[in-house]
Amino acid sequence: MSLAPALLPVLQATLSPDATTRRSAERDLTQAQAHPDFALSILQLTQDAAVPKAIRMSAALNFKNWIKANWAVSRVVSLRAARPST
């Protein structure tokens, strides 16, 4: 099941000028990151033309941050080491 519908108001709240609302939304996003469908759901929001551009940009930034926090660097390093030198 996609989390996209549930993430939409949370992403909107991250853009709020009210610091309390923003912090609460950021906590909600942090909790949502534990869900197995988080990455695909947030990526779906970046591609949905019906979603306002500001929310799509926020979704893209959150996806980038999720990748940065969850990417297995050791795998990338081991793949580079396995490549034959020229």
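The model shown is predicted, which means the values in this text are computed figures rather than measured ones.

**Points about the packing of aromatic side chains**
Phase 1 of the analysis: By the definition in use, this model includes one aromatic pair.
Phase 2 of the analysis: Ring centres of Phe38 and Trp66 lie 6.5 Å apart, and the angle between their planes is 45 degrees; this geometry places the pair in the tilted category. Within this pair, whereas Phe38 is found in helix 3 (residues 38-47), its partner Trp66 is found in helix 4 (residues 53-70), the two being separated by 28 residues in sequence.

**Digging into the side chain of Asn62**
Phase 1 of the analysis: Mapped onto the elements of the fold, Asn62 is located in helix 4.
Phase 2 of the analysis: A polar contact of 2.8 Å, which involves the side chain of Asn62, links it to the backbone oxygen of Ser58.
Phase 3 of the analysis: The residues contacting Asn62, other than those within four sequence positions of it, are Leu11, Leu29 and Ile42.

**With respect to helix 4**
Phase 1 of the analysis: The end-to-end C-alpha distance of helix 4 is 25 Å, a good match for the 26 Å that 18 residues give at a rise of 1.5 Å each.
Phase 2 of the analysis: Those residues of helix 4 that fall on the buried side of the exposure criterion are Ile55, Ser58, Ala59 and Asn62. Down the axis of helix 4, the buried set is contained in an arc of 100 degrees. They therefore lie on one face. Exposed positions of helix 4 whose direction lies more than 90 degrees from the buried face are Lys53, Met57 and Lys68.
Phase 3 of the analysis: Where the residues of helix 4 are buried, they touch helix 1 (4-14), helix 2 (19-32) and helix 3.

**With respect to the nonpolar core**
Nonpolar side chains in soluble globular proteins generally cluster together in the buried interior.
Phase 1 of the analysis: If you look at the biggest cluster of nonpolar residues, it comprises 15 residues, and the most contacted ones within it are Leu7, Leu11, Leu29, Phe38, Ile42, Leu45 and Ala59.
Phase 2 of the analysis: Those elements that place two or more of their residues in this core are helix 1, helix 2, helix 3 and helix 4.
Phase 3 of the analysis: Looking at which element gives the most residues to this core, the answer is helix 1, with five residues.
Phase 4 of the analysis: In this view, Ile42 contacts Leu7, Leu11, Ala59, Asn62 and Phe63; residues no more than four positions away in its chain are not counted.

Reading the values: rules and limits
Residue positions are counted from 1 within each chain, in the order its sequence is given. Under the rules for a predicted model, residues below a pLDDT of 70 receive no local features and side-chain atom pairs below 80 are neither given nor counted, while totals for whole chains, interfaces and linings still include all residues. The side-chain quantities take in all heavy atoms of the structure and omit both hydrogens and water. Aromatic pairs are defined between Phe, Tyr and Trp rings, using the six-membered ring for Trp, whenever the two ring centres lie within 6.5 Å; interplanar angles under 30 degrees are classed as stacked, those over 60 as edge-to-face, and all others as tilted. Runs of E in the DSSP output that reach at least two residues are strands. Runs of H or I that reach at least four are helices, and both are numbered from the N terminus. By the criterion applied in these results, polar contacts are pairs of N or O atoms within 3.5 Å in which, for protein atoms, one can donate a hydrogen and the other can accept it, and in which residues neighboring in sequence qualify only through two side-chain atoms. Residue contacts are defined here by distance: any two heavy atoms, one from each residue, within 4.5 Å place the two residues in contact. Here the expected span of a helix is defined as 1.5 Å times the quantity of residues minus one. The classification of residues rests on relative accessible area computed with a 1.4 Å probe and restricted to protein chains. Under 20% of the type maximum is buried, over 50% is exposed, and intermediate values are partly exposed. Each C-beta atom gives one direction from the helix axis, and the arc is the one those directions make. Only buried residues count toward a nonpolar core, which is a set of Ala, Val, Leu, Ile, Met, Phe, Trp, Tyr and Cys residues joined through side-chain atoms within 4.5 Å.

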